[in-house]
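# Overview (structure and organization)
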Amino acid sequence: MERVQVLLVGGRQTPNLLGTLLLSSDRVELIVSRDERDKAPLLRKALAPMESLAWPQEAMEVEANDLGANLKACEQIYQRHKDKELVFNLTCGSKVMAIAAYEVARRHAGVKAFYLDSANGRIVWLLGEEEASKPFRLSVEEYLTAYGRKPERKPVFEKLTFSREQACRGAAILARGGSAARSLLERIRQKQGSGRRAVDVETPQEHRFVAELANIGVLEEDEDTFWIRSNEDWNFFKGNWLEAYVWSEAVKQKDEQGHSLFDEVEIGLEIPSEAARKEIDVACLYQSQLLLCSCKAGRDPFSTSHLDELSALSNLIGGRFCSRVFITNSTFSELHNSKRQGEFLAQAKQREIVVVAGEELTRIGAILKRQATEPDFRRV
């Protein structure tokens, strides 16, 4: 039987998005508070990539606190779909909208109603289910699959000559290494070729970092030279180390009860598409809401094309329901161009993207925690 979910649109819309994803609805109907009508297009845009989801031609607008108008709108939707499985999501409307939807659902046998408690990860069924509540915990893969995106994993750690734990420890050393580490990484990137390769050490500061990295086993040191052991290791130092660092710092974050802050943190995902493949460097799920992290190490990270790529990716999988974070180990001070810095930050703000440059890289865990719980750009 076709499942129709009725969404009350007013205020924060994340529970409407999650309810549609979690309950695998075939069709949605919208009842929109007139003073929140701008939210309906945003919700529709966020759900548009779900190609199997059918929409009404237009939303039904009501005054948020007009009980009679809301009862009439809900009853009209019931009459339109009374031969289908009808489910009211009561979470996002005004109190009056929710009371009206609950009353219409209560009048008619078989109609369901629920409240989505995203903070505690549960669906609270008020009508139509035997369970008082149903816990949920979306994975990153389930979130992306709901949008019709089947992610594939890039082998970030699996083919290295050292372990995941060693990789994360090495990444932390590079993250706090400042200009010496950036200089060293640039010369590593210049060592094109294949297989084992040697890189010269040029300064005492570089010697200290190389010694630290050799001590944990991620490279081999020989006086004024160190050795990268394989192509996969070279790719790690070329840029994958930054993804590993961000991933490992995100995994460490805890909530007030000492539990993992994020439902799940994934690294190195690729989304096949008809055009170019889309890459997700690091994805963090917080209360089933997605934080997308784009990690850029290397030359010219402060190009607005990187911001465009991140925006385009987020539009495929939630748009403004996602938080977007651009991360690089390069510093603005290295630009020697305050105008370009200002332009880049202005472009990022326009796209609602948080920028973390090298000056703040060692604080990335705390920054991601803040963007999850108190985002700079409010998720819709």
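Anything mentioned here points back to the structure above.
Starting from 1, residues in each chain are numbered consecutively following that chain's sequence as written. Per-residue local features of the predicted model are confined to residues with pLDDT of at least 70, and side-chain atom pairs are confined, for both listing and counting, to 80 or more; whole-chain, interface and lining totals are unaffected and use all residues. Only hydrogens and water are removed before side-chain values are computed, so all heavy atoms of the structure are retained for them.

Here we come to the overall build of the chain. The helix and strand tally for the chain stands at twelve helices and 16 strands. By its C-alpha atoms, the chain is 80 × 45 × 45 Å across when sized along the principal axes. The rule is simple: take the accessible area with a 1.4 Å probe, protein chains only, and divide by the maximum for that residue type; under 20% is buried, over 50% is exposed, in between is partly exposed. Sorting the 380 residues of the chain into buried and exposed places 53% on the buried side. When checking whether two residues touch, look at their non-hydrogen atoms; a contact exists if any pair is within 4.5 Å. Restricting the contact set of the chain to residue pairs at least 6 apart, pairs at least 24 apart contribute 68%. Runs of H or I in DSSP of at least four residues are treated as helices and runs of E of at least two as strands, each being numbered from the N terminus.

To continue, consider the sheet that holds strand E11 (residues 225-228). What holds strands together in a sheet is hydrogen bonding between their backbones, with the strands either parallel or antiparallel. Think of it this way: DSSP has to see at least two bridges between two strands before they count as a pair. Taken in spatial order, the three strands make up an open sheet running E9-E11-E10, and their pairing is antiparallel. Among the strands making up the open sheet, the edge pair consists of strand E9 (197-200) and strand E10 (220-222). When strand polarity is set aside, the average angle formed by the axes of neighbouring strands in this sheet is 30°. Inspection of the sheet shows E10 paired to E11 by three bridges, in the antiparallel sense. Looking across to E11, one finds that Glu-221 is bridged to Phe-226. A fitted line through C-alpha atoms represents every axis, and for helices the fit uses only the stretch in contact; the resulting angles, taken between N-to-C directions, go from 0 to 180 degrees.

For helix H12 (residues 364-373), the complete set of buried residues consists of Ile-364, Gly-365, Ile-367, Leu-368, Gln-371 and Ala-372. Angular distribution of buried residues about the axis of H12 spans 165°; they occupy a single face of the element. Here the buried face of H12 lies against helix H9 (231-251), strand E13 (278-286), strand E14 (289-296), strand E15 (323-328) and strand E16 (353-356). The arc in question is the one spanned by the directions pointing from the helix axis to the C-beta atoms.

A side-chain nitrogen of Lys or Arg and a carboxyl oxygen of Asp or Glu constitute a salt bridge if their distance falls within 4 Å. Counting across every chain of the model gives 35 salt bridges. Between Lys-112 and Glu-85 there is a salt bridge, and its shortest N-O distance comes to 2.8 Å. Of this pair, Lys-112 sits in strand E5 (residues 112-117) while Glu-85 sits in strand E4 (residues 85-89), and the two are 27 residues apart along the sequence. On the basis of relative accessible area, Glu-85 is assigned to the buried category, the value being 16%. With its nearest N and O atoms 3.1 Å apart, the salt bridge here joins Asp-117 to Arg-122. A relative accessible area of 35% means that Arg-122 is categorised as partly exposed. Three or more residues are tied together by salt bridges with common partners; here these are Arg-34, Arg-37, Glu-61 and Glu-63.

With six of six residues buried, E15 is to be regarded as a mostly interior element. With burial as the criterion, each face of E15 is covered, one bearing Ser-323, Val-325 and Ile-327 and the other bearing Arg-324, Phe-326 and Thr-328. Both E14 and E15 contribute to a ladder of six bridges, which runs parallel. Of the residues in E15, the one forming a bridge with Leu-291 is Ser-323.

Both the distance between ring centres and the angle between the ring planes are used here to describe each pair of aromatic rings. Only rings of Phe, Tyr and Trp enter the pairing, Trp through its six-membered ring, and a pair is recorded when the two centres are within 6.5 Å. The plane angle decides the type: under 30 degrees is stacked, over 60 is edge-to-face, the rest tilted. Tallied over the full model, the rule gives seven aromatic pairs. Where Phe-236 meets Phe-237, the ring centres are 5.5 Å apart and the plane angle is 85°; that geometry is what we call edge-to-face. On the basis of relative accessible area, Phe-236 is assigned to the buried category, the value being 1%. Relative accessible area serves as the criterion here: at 1%, Phe-237 is assigned to the buried category. Grouped by ring-pair contacts, the aromatic residues Phe-302, Phe-326, Phe-332 and Phe-344 constitute a single cluster.

In this structure, Gln-287 is a non-glycine residue whose phi angle is positive, near 50°. Relative to the elements of secondary structure, Gln-287 occurs in the loop between E13 and E14.

Pairs of cysteine sulfur atoms within 2.5 Å are what we label disulfides. Inspection of every chain in the model, using the stated rule, returns zero disulfides. Residue Cys-74 stays outside any disulfide, its sulfur separated by 14 Å from that of Cys-92, the closest cysteine. Taking the relative accessible area as the measure of exposure, Cys-74 reaches 0% and is therefore buried. Looking at the unpaired Cys-322, the closest cysteine sulfur is the one in Cys-293, lying at 11 Å.

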